[in-house]
Amino acid sequence: MRFREIEGGRAMDLTRRRMMQTALAGAGGLAMGVAPRWAHAALDLGAMRIDTLSDGHLVLPPEFIFGPMPQAELGPVLEARGIVPGAPLTPECNVTLLRSGENTILFDTGAGPAFQESAGKIGAALDALDVAPEDVTHVIFTHAHPDHLWGVLDDFDEPFFYEAEHMIGKTEWEYWTDPKTVDTIQPERTTMAVGAQRRLMAMEDAMRFFEDGEEILPGVAAVSTPGHTPGHMSFEIRDGSESVMVIGDAIGNHHVAFARPDWHSGSDQDRDLGAATRVALMDRMATEQMRLIGFHLPGGGMGRAEKGGDGYRFVQES
Ligand SMILES: [Zn+2]
């Protein structure tokens, strides 16, 4: 097993349709012949190859995560990790690509063209690895938040990965497609609910459902990690004794989520459950020294959790 980090990339063999999509997505760098740059991490797991694709980054008000935390204790935690109090957070968005035998598998689709201007860049990241959207055989969702799901449809509202079977946990599907959810979710999350319902229903015929513990593809097992959303799933990718856990947003950042996994995070829909899940997952990752890939962790998102001080720290591997 080895880790590598690659900076930059090159667009190859753009079809007319994809050039159009790229232009519409506002990725002007490609059209002007300027090489795009993004963080990218990779590892080999037995015969499997895992890359992370940058979908860009988000821009979030700090209260979105820090709001419910004990503010007096929060200051020193942020300071120790170089986070400027009050400044917007700009977490990376890292989509995991697994190539295993005949299968080309994506974990989440990124944000697509309609969420934030700084995200939705996965097309360029795929191009750099010479993977076309139609080469993707399976799309597996961790959860149905915009930065993970909305890239499922392209600028024309058609499936972006149109040859792929799509998979989502049964609980997550049932929650977001329930017509009552739009009215019962916290008011500030209504847009998320409307957006998720529309996109999931558009994909219904291509969708397969799975439950906690299922081996959904050879070497890929679903691990229930709820709280961030009601049916959030992580995925254990295994080859013999080696494994990696794709954790989605169960551990959502490299600062407070590691330092104080027990604190409530404003980004979790069920804050008690989100914290309990994070504490248990963090303990397992650190005890087993299992590699993890976090959607919003830095440098492409690959690393390990290490116990230290009162909490943990993220050790990036590249
Ligand atoms: Zn996210």
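Residues numbered from 1 in each chain as written. Predicted model: local features only at pLDDT ≥ 70, side-chain atom pairs only at ≥ 80, totals over all residues. Heavy atoms only, no water.

### Concerning the overall build of the protein
Right, so step 1: Regarding its fold elements, the protein presents eleven helices and 15 strands.
Right, so step 2: Out of the 318 residues belonging to the protein, those deemed buried represent 54%.
Right, so step 3: Surface exposure of the protein reaches about 13400 Å², of which carbon and sulfur atoms provide 52%. (Helix = DSSP H or I, 4+ residues; strand = E, 2+ residues; numbered from the N terminus. Buried < 20%, exposed > 50% of the residue type's maximum accessible area, 1.4 Å probe, protein only. Areas by Shrake-Rupley, 256 points an atom, 1.4 Å probe, with all protein chains shown as cover.)

### Brief notes about the coordination of the zinc ion
Think of it this way: four donors in a tetrahedron around the metal ideally sit 109.5 degrees apart, and six in an octahedron ideally sit 90 or 180 degrees apart.
Right, so step 1: Protein-derived ligands of the zinc ion are Asp 147 (OD), His 148 (NE2), Asp 249 (OD) and His 296 (NE2), with the metal-ligand distances lying across 2.1 to 2.2 Å.
Right, so step 2: The site at the zinc ion holds four donor atoms, and with the angles between them running 83 to 168°, its shape is irregular.
Right, so step 3: Positions of the donor residues of the zinc ion along the chain correspond to the pattern D-H-x100-D-x46-H. Of the two residues, Asp 249 sits in the loop between strand S12 (242-248) and helix H10 (256-259) while His 296 sits in the loop between strand S13 (291-294) and strand S14 (302-308), which places them 47 residues apart along the sequence.
Right, so step 4: By relative accessible area, which is 6% here, Asp 249 ends up buried.
Right, so step 5: On the accessibility criterion, His 296 (8% relative accessible area) is buried. (Donors = N, O, S within 2.8 Å, 3.2 Å for Na, K, Ca; no water. Tetrahedral: all angles 85-135°; square planar, octahedral: opposite > 155°, others 65-115°.)

### Here's the deal with the nonpolar core
One broad rule of soluble globular proteins: the nonpolar side chains tend to lie buried together.
Right, so step 1: In this structure, Phe 66, Leu 106, Phe 161 and Val 256 are the most contacted members of the largest nonpolar core, which totals 46 residues.
Right, so step 2: With residues near it in sequence (within four places) discarded, Phe 66 still touches Gln 71, Leu 74, Leu 78, Ile 83, Leu 89, His 255 and Val 256.
Right, so step 3: Membership of the second largest hydrophobic core comes to 22 residues, among which are Met 48, Ile 50, Ala 222 and Met 302. (Core = buried A, V, L, I, M, F, W, Y, C linked by side-chain atoms within 4.5 Å. Contact = heavy atoms within 4.5 Å.)

### Brief notes about the environment of Arg 260
Right, so step 1: Topologically, Arg 260 is positioned in the loop between H10 and helix H11 (271-287).
Right, so step 2: When the C-alpha atoms of Arg 260 and Asp 310 are compared, they prove to be 7.9 Å apart, with 50 residues separating the residues in sequence.

### Quick notes on the pairing of strand S2 (residues 41-45)
Right, so step 1: Here S2 lies mainly inside the structure; five of its five residues are buried.
Right, so step 2: Because side chains alternate across S2, one face comprises the buried residues Ala 41, Leu 43 and Leu 45, and the other comprises Ala 42 and Asp 44, equally buried.
Right, so step 3: When S2 meets strand S3 (residues 48-57), the two strands line up antiparallel, connected through four bridges. The residue of S3 that forms the bridge with Asp 44 is Arg 49.
Right, so step 4: Hairpin connection of S2 to S3: two residues between the antiparallel strands, including Gly 46 at a positive phi of 55°. (Pairing = 2+ DSSP bridges.)

### Some points on the confidence of the model for the protein
Right, so step 1: For the protein, the mean per-residue pLDDT works out to 89, and 88% of the residues sit at or above 70.
Right, so step 2: Predicted confidence is poor over residues 1-37, with pLDDT under 50, and the contacts of this stretch with residues over four places away or in other chains come to 68 contacts. (pLDDT = per-residue confidence, 0-100.)

### Observations concerning the sheet that holds strand S11 (residues 233-239)
Right, so step 1: With mixed pairing, seven strands are arranged side by side in an open sheet as S9-S10-S11-S12-S13-S14-S15. Across the chains shown, the open sheet's two edge strands, defined by having one partner strand only, are strand S9 (215-217) and strand S15 (311-316). Strand-to-strand twist in this sheet, taken as the mean axis angle between neighbours without regard to direction, amounts to 35°.
Right, so step 2: Relative to the sheet, H11 contacts S11, S12, S13, S14 and S15, its axis offset from that of S12 by approximately 155°. (Axes fitted to C-alpha atoms, helices over the stretch in contact; angles between N-to-C directions.)

### Some points on the layout of surface pockets
Right, so step 1: Within this model, the largest pocket holds a volume of roughly 630 Å³.
Right, so step 2: Lining the largest pocket are 37 residues; nearest its centre among them are Leu 58, Leu 60, Phe 64, Ile 65 and Pro 91.
Right, so step 3: Where the lining of the largest pocket is concerned, the elements lending two or more residues are helix H3 (63-66), helix H6 (146-149), helix H9 (190-202) and H10.
Right, so step 4: Its residues assigned to classes, the lining of the largest pocket comprises 17 nonpolar, twelve polar and eight charged. (1 Å grid on protein atoms, 1.4 Å probe; cavity = no way out; pocket = protein on both sides within 12 Å on 5 of 7 lines; lining within 4 Å. Points joined across faces, edges and corners; volume = space filled by probe spheres on them. Nonpolar A, V, L, I, M, F, W, Y, C, P; charged D, E, K, R; others polar.)

### Re the side chain of Thr 109
Right, so step 1: Among the structural elements, Thr 109 can be located in the loop between strand S5 (103-107) and helix H5 (122-128).
Right, so step 2: Excluding residues that lie within four positions of it along the chain, Thr 109 makes contacts with Val 95, Ile 122, Val 139, Phe 141, His 148, Leu 149, Trp 150, Gly 151, Val 152 and Phe 161.

### Description of unusual backbone geometry
Right, so step 1: Unlike most non-glycine residues, Asp 130 shows phi in positive territory, near 60°.
Right, so step 2: Relative to the helices and strands, Asp 130 is located in the loop between H5 and strand S6 (138-140).
Right, so step 3: Here Asp 157, not a glycine, exhibits a phi torsion of approximately 65°, which is positive.
Right, so step 4: Locating Asp 157 in the fold gives a position in the loop between H6 and strand S7 (165-169).
Right, so step 5: We classify Asp 157 as partly exposed; its relative accessible area is 44%.

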